[in-house]
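A closer look at the structure
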Amino acid sequence: NQPQGITVDAAGNVYVADTHNSRIRKITPDGMVSTFAGKPTKLFNDIKDTAGMDHPSGIAIDKSGNVFVSDLNKDFIKKVTPDGKVSIIAGSGDRGKKDGKGGSASFYLPVGLAVDGNDNLYVCDSYNNMIRKIAPDGTVSTIAGMSRKGSKDGKDTTASFWHPNSLTVDKNGNVYVTD
């Protein structure tokens, strides 16, 4: 129901952010579809219920097979291990633009995700108009954008975006953003 994000693991399994069903779907190379993580939004009332998702949108996978999900309406970034265990790796659940480690950081409608060769996770923090980086230790930092909407070229936080929604990282660590 209105899928938004897609990624593929080393074995050829496809993972889809099934956004309006609040689930992550796994499609095996032979076409078998199953629910990998998540449950319907109506069951996700407790913010401490990490397994629930409220409109997952961005999705990316690291070298170890961990699937990362932007939980759009709850402003969390979640990790799903290959065996299906879900945890919150960043975000307080309160909308904001604070850098910090894990739950001390905040986002405002995070969408697109990408992982680089060093397992850094990049986030399109859409309504903050910023690009954020989550290091493997869970530290969130702003790498581009200045929070105000705009279309200004510049370096790092002197540049501006207008609701960035997708990104990718090349083998040299360059981040490309759709704005």
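Refer to the structure above for everything that follows.
Bear in mind the structure is a predicted one, so any value in this text is a computation, not a measurement.

1. Quick look at the environment of Asp75
- As for its position among the elements, Asp75 is in the loop between strand S6 (67–71) and strand S7 (76–80).
- Residue classification places Asp75 among the buried residues on the basis of a relative accessible area of 2%.
- Between the alpha carbons of Asp75 and Ser87 there is a distance of 13 Å; along the sequence they are 12 residues apart.
- Residue contacts for Asp75: discarding those within four places in its chain leaves Gly91, Gly93, Arg95, Phe107, Tyr108, Leu109 and Pro110.

2. A short note on the packing of aromatic side chains
- Throughout the structure, instances matching the rule amount to two aromatic pairs.
- Pairing Tyr15 with Phe36 gives two aromatic rings, centres 5.1 Å apart and planes at 65°, and the pair type is edge-to-face. In this pair, Tyr15 sits in strand S2 (residues 14–18) while Phe36 sits in strand S4 (residues 33–38), placing the two residues 21 residues apart along the sequence. For the pair shown, Tyr15 and Phe36 are each scored as buried.

3. What to know about the sheet that holds strand S9 (residues 100–101)
- Reading across from one edge, S9-S13-S12-S11-S10 is the order of the five strands in this open sheet, with antiparallel pairing throughout. Two strands lie at the open edges of the sheet, namely S9 and strand S10 (110–115), each paired on one side alone.

4. What about the pattern of salt bridges?
- Overall, the coordinates contain six salt bridges when judged by the stated rule.
- The partner of Asp54 in a salt bridge is Lys74, and the shortest N-O contact between them spans 3.8 Å. One end of the pair, Asp54, is in the loop between S4 and strand S5 (56–61); the other, Lys74, is in the loop between S6 and S7, and 20 residues separate them in sequence.
- Overall, the relative accessible area of 10% leaves Asp54 in the buried class.
- Among the salt bridges present, the one from Asp99 reaches Arg132, with a minimum N-O distance of 2.9 Å. Here Arg132 lies in strand S12 (residues 130–134) and Asp99 lies in the loop between strand S8 (86–90) and S9, a separation of 33 residues in the sequence.
- A residue is classified by how much of its surface remains accessible, and Arg132, at 0% relative accessible area, is buried.

What counts and how
Residues numbered from 1 in each chain as written. Predicted model: local features only at pLDDT ≥ 70, side-chain atom pairs only at ≥ 80, totals over all residues. Heavy atoms only, no water. Helix = DSSP H or I, 4+ residues; strand = E, 2+ residues; numbered from the N terminus. Buried < 20%, exposed > 50% of the residue type's maximum accessible area, 1.4 Å probe, protein only. Contact = heavy atoms within 4.5 Å. Phe/Tyr/Trp six-rings, centres within 6.5 Å; stacked < 30°, edge-to-face > 60°. Pairing = 2+ DSSP bridges. Salt bridge = Lys/Arg side-chain N within 4 Å of Asp/Glu carboxyl O.

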